[in-house]
Amino acid sequence: MPAGTVSRGIALAGLLVMIGALLLPRPTPWTGTVSVPLILLCLTGLKPPRKWGGWVAAAMVPYFSIALGEVIANPASRIVTSLLAGCAMIVFFAALDIGRRTGVSLRS
(Lines give C-alpha, C1' and ligand atoms only; values in the text may rest on other atoms or scores of the structure.)
Protein backbone atom coordinates (compact mmCIF):
# COMPACT_ATOMS: atom_id res chain seq x y z
CA MET A 1 0.00 0.00 0.00
CA PRO A 2 1.49 3.40 -0.99
CA ALA A 3 2.41 5.86 1.76
CA GLY A 4 -0.44 8.11 2.86
CA THR A 5 -3.25 5.97 1.42
CA VAL A 6 -5.25 5.85 4.66
CA SER A 7 -4.77 9.58 5.22
CA ARG A 8 -5.85 10.28 1.64
CA GLY A 9 -9.01 8.23 2.22
CA ILE A 10 -9.76 10.19 5.39
CA ALA A 11 -9.14 13.49 3.58
CA LEU A 12 -11.38 12.50 0.67
CA ALA A 13 -14.14 11.35 3.01
CA GLY A 14 -13.92 14.61 4.93
CA LEU A 15 -14.09 16.60 1.71
CA LEU A 16 -17.19 14.67 0.65
CA VAL A 17 -18.87 15.33 4.01
CA MET A 18 -18.06 19.02 3.68
CA ILE A 19 -19.53 19.12 0.17
CA GLY A 20 -22.65 17.36 1.42
CA ALA A 21 -23.00 19.72 4.38
CA LEU A 22 -22.75 22.72 2.06
CA LEU A 23 -25.13 21.49 -0.63
CA LEU A 24 -27.79 19.64 1.38
CA PRO A 25 -30.73 20.05 1.92
CA ARG A 26 -30.92 22.81 -0.69
CA PRO A 27 -27.98 24.41 -2.50
CA THR A 28 -27.84 28.16 -2.88
CA PRO A 29 -25.66 30.16 -5.25
CA TRP A 30 -23.30 30.92 -2.33
CA THR A 31 -22.93 27.31 -1.15
CA GLY A 32 -22.53 26.16 -4.73
CA THR A 33 -19.71 28.63 -5.27
CA VAL A 34 -18.02 27.72 -1.98
CA SER A 35 -18.23 24.00 -2.72
CA VAL A 36 -16.51 24.20 -6.15
CA PRO A 37 -12.94 24.17 -4.73
CA LEU A 38 -13.85 21.21 -2.52
CA ILE A 39 -15.24 19.31 -5.51
CA LEU A 40 -12.08 20.03 -7.49
CA LEU A 41 -9.89 18.85 -4.60
CA CYS A 42 -11.96 15.66 -4.39
CA LEU A 43 -11.65 14.98 -8.10
CA THR A 44 -7.90 15.58 -8.14
CA GLY A 45 -7.56 13.42 -5.01
CA LEU A 46 -8.73 10.32 -6.87
CA LYS A 47 -5.31 10.19 -8.54
CA PRO A 48 -3.47 12.88 -6.60
CA PRO A 49 -0.54 14.85 -7.93
CA ARG A 50 2.66 14.89 -5.91
CA LYS A 51 1.87 17.92 -3.69
CA TRP A 52 -1.87 17.31 -3.31
CA GLY A 53 -1.77 16.88 0.47
CA GLY A 54 -0.02 20.19 1.05
CA TRP A 55 -2.41 22.11 -1.15
CA VAL A 56 -5.45 20.51 0.49
CA ALA A 57 -4.10 21.43 3.93
CA ALA A 58 -3.56 25.02 2.79
CA ALA A 59 -7.07 25.20 1.35
CA MET A 60 -8.65 24.04 4.61
CA VAL A 61 -7.44 27.05 6.63
CA PRO A 62 -10.06 29.51 5.31
CA TYR A 63 -12.82 26.88 5.45
CA PHE A 64 -12.02 26.20 9.11
CA SER A 65 -11.71 29.90 10.00
CA ILE A 66 -14.95 30.96 8.36
CA ALA A 67 -16.90 27.98 9.70
CA LEU A 68 -15.61 28.63 13.23
CA GLY A 69 -16.65 32.27 12.93
CA GLU A 70 -20.11 31.15 11.81
CA VAL A 71 -20.36 28.79 14.79
CA ILE A 72 -19.79 31.77 17.08
CA ALA A 73 -21.83 34.37 15.21
CA ASN A 74 -24.80 32.41 13.84
CA PRO A 75 -26.46 30.12 16.38
CA ALA A 76 -29.21 29.18 13.92
CA SER A 77 -26.86 27.11 11.76
CA ARG A 78 -24.51 25.94 14.51
CA ILE A 79 -24.81 22.22 13.69
CA VAL A 80 -23.88 22.55 10.02
CA THR A 81 -21.08 25.03 10.63
CA SER A 82 -19.70 22.90 13.47
CA LEU A 83 -19.66 19.95 11.08
CA LEU A 84 -17.83 22.05 8.48
CA ALA A 85 -15.27 23.30 11.01
CA GLY A 86 -14.67 19.82 12.38
CA CYS A 87 -14.31 18.24 8.95
CA ALA A 88 -11.98 21.03 7.81
CA MET A 89 -9.78 20.33 10.82
CA ILE A 90 -9.76 16.57 10.17
CA VAL A 91 -9.02 17.07 6.46
CA PHE A 92 -6.25 19.54 7.35
CA PHE A 93 -4.44 17.08 9.61
CA ALA A 94 -5.00 14.14 7.25
CA ALA A 95 -3.59 16.18 4.37
CA LEU A 96 -0.57 17.19 6.45
CA ASP A 97 -0.03 13.52 7.23
CA ILE A 98 -0.07 12.70 3.52
CA GLY A 99 2.73 15.19 2.95
CA ARG A 100 4.69 13.89 5.91
CA ARG A 101 4.40 10.25 4.89
CA THR A 102 5.26 10.88 1.25
CA GLY A 103 8.09 13.29 2.07
CA VAL A 104 6.72 16.10 -0.08
CA SER A 105 7.23 19.77 0.72
CA LEU A 106 5.43 22.73 -0.81
CA ARG A 107 8.67 24.72 -0.73
CA SER A 108 10.39 22.97 -3.60
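Residues numbered from 1 in each chain as written. Predicted model: local features only at pLDDT ≥ 70, side-chain atom pairs only at ≥ 80, totals over all residues. Heavy atoms only, no water.

Caption draft 1: Expanded view of the environment of Thr 102. Structurally, Thr 102 can be placed in helix α4 (residues 78-102). In this structure Thr 102 comes out as partly exposed when scored by relative accessible area, which is 37%. As a C-alpha pair, Thr 102 and Gly 53 span 49 residues in sequence and 9.3 Å in three-dimensional space. A polar contact of 3.5 Å, which involves the side chain of Thr 102, links it to the backbone oxygen of Gly 99. (Helix = DSSP H or I, 4+ residues; strand = E, 2+ residues; numbered from the N terminus. Buried < 20%, exposed > 50% of the residue type's maximum accessible area, 1.4 Å probe, protein only. Polar contact = N/O pair within 3.5 Å; in protein donor to acceptor, adjacent residues only side chain to side chain.)

Caption draft 2: Inspection of the packing of aromatic side chains at higher detail. Using the criterion set out here, one finds 1 aromatic pair in the structure. When the centroid spacing of 5.2 Å and the interplanar angle of 75° are considered together, the rings of Phe 92 and Phe 93 count as edge-to-face. Here Phe 92 falls in the partly exposed class, since its relative accessible area comes to 24%. (Phe/Tyr/Trp six-rings, centres within 6.5 Å; stacked < 30°, edge-to-face > 60°.)

Caption draft 3: Layout of a nonpolar patch on the surface. Judged by side-chain polarity, Val 36, Ile 39, Leu 40, Leu 43 and Leu 46 come together as a nonpolar surface patch covering roughly 470 Å² of accessible area. By the secondary structure assignment, Leu 43 is in helix α2 (residues 29-45). (Patch = residues over 30% accessible without salt bridge, like charges linked within 9 Å, V, L, I, M, F, W, Y side chains within 5 Å. Areas by Shrake-Rupley, 256 points an atom, 1.4 Å probe, with all protein chains shown as cover. Salt bridge = Lys/Arg side-chain N within 4 Å of Asp/Glu carboxyl O.)

Caption draft 4: Looking closely at the state of the cysteines. This structure, assessed with the given rule, holds 0 disulfides. With no disulfide of its own, Cys 42 lies closest to Cys 87 among cysteine sulfurs, the gap being 11 Å. Residue classification places Cys 42 among the buried residues on the basis of a relative accessible area of 8%. (Disulfide = S-S within 2.5 Å.)

Caption draft 5: The nonpolar core, seen in detail. Counting 25 residues, the largest nonpolar core has Leu 15, Met 18, Leu 38, Trp 52 and Met 60 as the members making the most contacts within it. Mapped onto this core, the elements with two or more residues apiece are α1 (5-23), α2, α3 (52-73) and α4. Sorting elements by how many residues they give to this core places α4 first, with 8 residues. Here Leu 38 is in contact with Leu 15, Met 18, Ile 19, Leu 22, Met 60 and Tyr 63, once residues within four sequence places are set aside. (Core = buried A, V, L, I, M, F, W, Y, C linked by side-chain atoms within 4.5 Å. Contact = heavy atoms within 4.5 Å.)

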